[in-house]
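# Analysis of the macromolecular model
Residues per chain, in single letters:
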Amino acid sequence: MDTGSLEKMDVRDPLNDLRMSEEAVPLYEHVKKFIAEEVEPMSIKFHELGEGRKDRWSYVDGQLEMLEEVKNKAKEQGLWNFFLPNAETGEGLSNLDYAYIAAELGKNRLASECLNCSAPDTGNMEVLERVGTPEQKEKWLKPLLNGEIRSAFAMTEPGTACSDARNVRTQAVLKDGQWVINGEKYYASGAGDPRCKIMIVMVQTDPDGPSHQQQSQILVPIDTPGVEVLEGMQVFGKDDAPHGHMHIRFTDVKVPEENILLGVGRGFEISQLRLGPGRIHHCMRSIGAGEKALDLMIDRGMSRDAFGQPLARLGGNLEKISRARIELEAMKLMVLKAAKAMDVLGNKEARVWISMVKAMVPERVCKIIDDAIQMHGATGVSQWTPLADMYTQQRTLRLADGPDEVHHMVVGRNELGRMGMKKATKG
């Protein structure tokens, strides 16, 4: 993007108009109502039913039926596939409009799936919708859009720093019309779910090519011979089963040549396509989680007394509540502006805005959840509240889709470039 554009914004700039479109407002209100009346009651029963199951990588009888019932209601009411901006297969929402909805989805862990807007399926569907062949769309995009199957994205590797895609070492070699894949991936989110049928795998296809054309992305059915799911990776001692973040080994895995996405050497390009919208979705869902944590903090603070007064009024707790609200409002405006930048400038030109919010939001939401945990005392780190799981998820987001440091590097380099242009102009 123009490195001076961040500085040139004025009140007339379209990036400063952060209003949801009038057409999307009824949809937004409908989503809030549906989550409150359908998703919330179902999610309580869903999680209770799954407690103590013998096989952690499965669902017990009744769980999926319960979930499917709510998903069918969402379909019938037109609350489905919001995440594809301006696409025929989605609602045709702008990134800005969807950002408001994503914040509501972030308040309940099952809400995104109930409306078929959950990661990593969203990113995979977006890639297939944008660059998939008609055959790839028919075989994989169609059932994903219908919510009939789940998917995974496998990029991160245990032996190298994959925040730099040039370090990917899982290799795919074309032999006799088939890609032969060898390597290891870990933290392949969603690959533990028994409904997961397809993975998009980042591989190295040309180790001697230009640095950003060495990688490709290939569709690999999870039941392909040679695909070995070794274990579910834990985050702070939790495996997030049955969704899971899996360690996978690929040993002479063979898939047809036509399973490649977009073309050989286009893997890095595809990553940029999916990561912009995905990061915005993550950030708005994070803000929704922050709102939930603040609600829990206030409820706990006003319902418990100590030393003769409510916890909320003890020590610095009132200030913590205040700071949480201030931070949430600031984050919301920043993410909405990043979403608007994507609508106005395009994903590529909006990358600095996207990096700003991805570096900012998970870190600050972690702090809000941490303060809510503190307000709950020992209960805050227990299974009696959702706060420990919420913290785990948000802390992980500081590594997923690029660690904080990478995003700060993008923003920092932009600032150095902006200053360089200033000096050159003055000179």
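None of the values given here were measured: they were computed from a predicted structure. Residue positions within a chain follow its written sequence, with the count starting from 1. Given that the model is predicted, a residue must reach a pLDDT of at least 70 before its local features are reported, and side-chain atom pairs must reach 80 or more before they are shown or counted; all residues, however, enter totals for whole chains, interfaces and linings. As a rule here, side-chain values come from all non-hydrogen atoms in the structure, and water together with hydrogens is ignored.

What follows concerns the overall build of the chain. The helix and strand inventory of the chain stands at 12 helices and 9 strands. Radius of gyration: over C-alpha atoms. The globule rule applied is 2.2 Å multiplied by the number of residues raised to the 0.38 power. Its C-alpha atoms give the chain a radius of gyration of 22 Å, near enough to 22 Å, the size a compact globule of 427 residues would have. On the principal axes, the C-alpha backbone points of the chain span a range of 75 × 70 × 45 Å. A 1.4 Å probe rolled over the protein chains alone gives each residue an accessible area, and that area as a share of the maximum for its type sets the label: buried under 20%, exposed over 50%, partly exposed in between. Counting every position in the chain, which comprises 427 residues, the buried fraction comes to 52%. Only heavy atoms enter the contact rule, under which two residues are in contact if any of them lie within 4.5 Å. Restricting to contacts in the chain with at least 6 residues of sequence separation, those with at least 24 account for 73%. Accessible surface is estimated by sampling points in the Shrake-Rupley manner with a 1.4 Å probe; for residues, cover comes only from the protein chains shown. As displayed, the chain offers around 20200 Å² of accessible surface, 52% of which is attributable to carbon and sulfur atoms. Residues scored as positive are Lys and Arg, those scored as negative are Asp and Glu, and His as well as the terminal groups of each chain are ignored. Charge positions are represented by NZ for Lys, CZ for Arg, CG for Asp and CD for Glu. For the chain, the separation between the mean place of its 54 positive charges and that of its 63 negative charges on side chains is 5 Å. Strands are runs of DSSP state E lasting at least 2 residues, helices are runs of H or I lasting at least 4, and numbering of each runs from the N terminus.

Moving on: the packing of aromatic side chains. Any Phe, Tyr or Trp ring, taking Trp's six-membered ring, that has another such ring centre within 6.5 Å forms a pair; planes under 30 degrees apart are called stacked, those over 60 apart edge-to-face, and the others tilted. Enumeration over the complete set of coordinates arrives at 4 aromatic pairs. Between the aromatic rings of Tyr 28 and Tyr 100, the centroid separation amounts to 6.4 Å while the plane-to-plane angle is 75 degrees, which identifies the pairing as edge-to-face. Of the two residues, Tyr 28 is situated in helix α2 (residues 25-50) and Tyr 100 in helix α4 (residues 95-105); the sequence distance between them amounts to 72 residues. Here Tyr 28 and Tyr 100 have matching classes, each one buried. For the ring pair Tyr 186 and Tyr 187, a centre distance of 4.9 Å and an interplane angle of 65 degrees mean the geometry is edge-to-face.

Buried residues dominate α4, accounting for 11 of its 11 residues. Every buried residue belonging to α4 is among Asn 95, Leu 96, Asp 97, Tyr 98, Ala 99, Tyr 100, Ile 101, Ala 102, Ala 103, Glu 104 and Leu 105, and all of these are buried.

Since the α-helix turns once every 3.6 residues, residues separated by three or four places project in the same direction. Spanning 26 residues, helix α10 (residues 351-376) covers 38 Å between terminal C-alpha atoms, matching the ideal 38 Å at 1.5 Å per step. Most of α10 is tucked away: 19 of the 26 residues are buried. For a helix, the expected span equals 1.5 Å multiplied by the number of residues minus one.

Let us look at the packing of α2 against α4. Orientation is described by axes fitted as lines to C-alpha atoms, over the contacting stretch for helices, and by angles from 0 to 180 degrees between their N-to-C directions. In the contact formed by α2 and α4, the axes pass within 10 Å of each other and the chain directions differ by 10 degrees. Relative to α4, the element α2 lies roughly parallel. Taken together, the residues of α4 that come into contact with α2 (itself represented by Leu 27, Tyr 28, Val 31, Lys 32 and Ile 35) are Tyr 100, Ile 101, Glu 104 and Leu 105. Residues are grouped as follows: Ala, Val, Leu, Ile, Met, Phe, Trp, Tyr, Cys and Pro are nonpolar; Asp, Glu, Lys and Arg are charged; all remaining types, including Gly, are polar. Among the residues forming the contact of α2 with α4, the class breakdown is 7 nonpolar, no polar and 2 charged. When describing relative orientation, an angle under 35 degrees is termed roughly parallel and one over 145 degrees roughly antiparallel, while 65 to 115 degrees is termed roughly perpendicular and anything else oblique.

Next up on the list: the packing of helix α6 (residues 121-131) against helix α7 (residues 134-145). At their nearest, the axes of α6 and α7 sit 10 Å apart, and the two run at 145 degrees to each other. By crossing handedness, the relation of α6 to α7 is classed as left-handed. Together, Asp 121, Met 125, Leu 128, Glu 129 and Val 131 of α6 and Gln 136, Lys 137, Trp 140, Leu 141, Leu 144 and Leu 145 of α7 make up the contact between the two elements. A class-by-class count of the residues in the contact of α6 with α7 yields 7 nonpolar, 1 polar and 3 charged. In this scheme the crossing of two helices becomes right-handed for a clockwise turn of the near helix relative to the far one and left-handed for an anticlockwise turn of less than a right angle.

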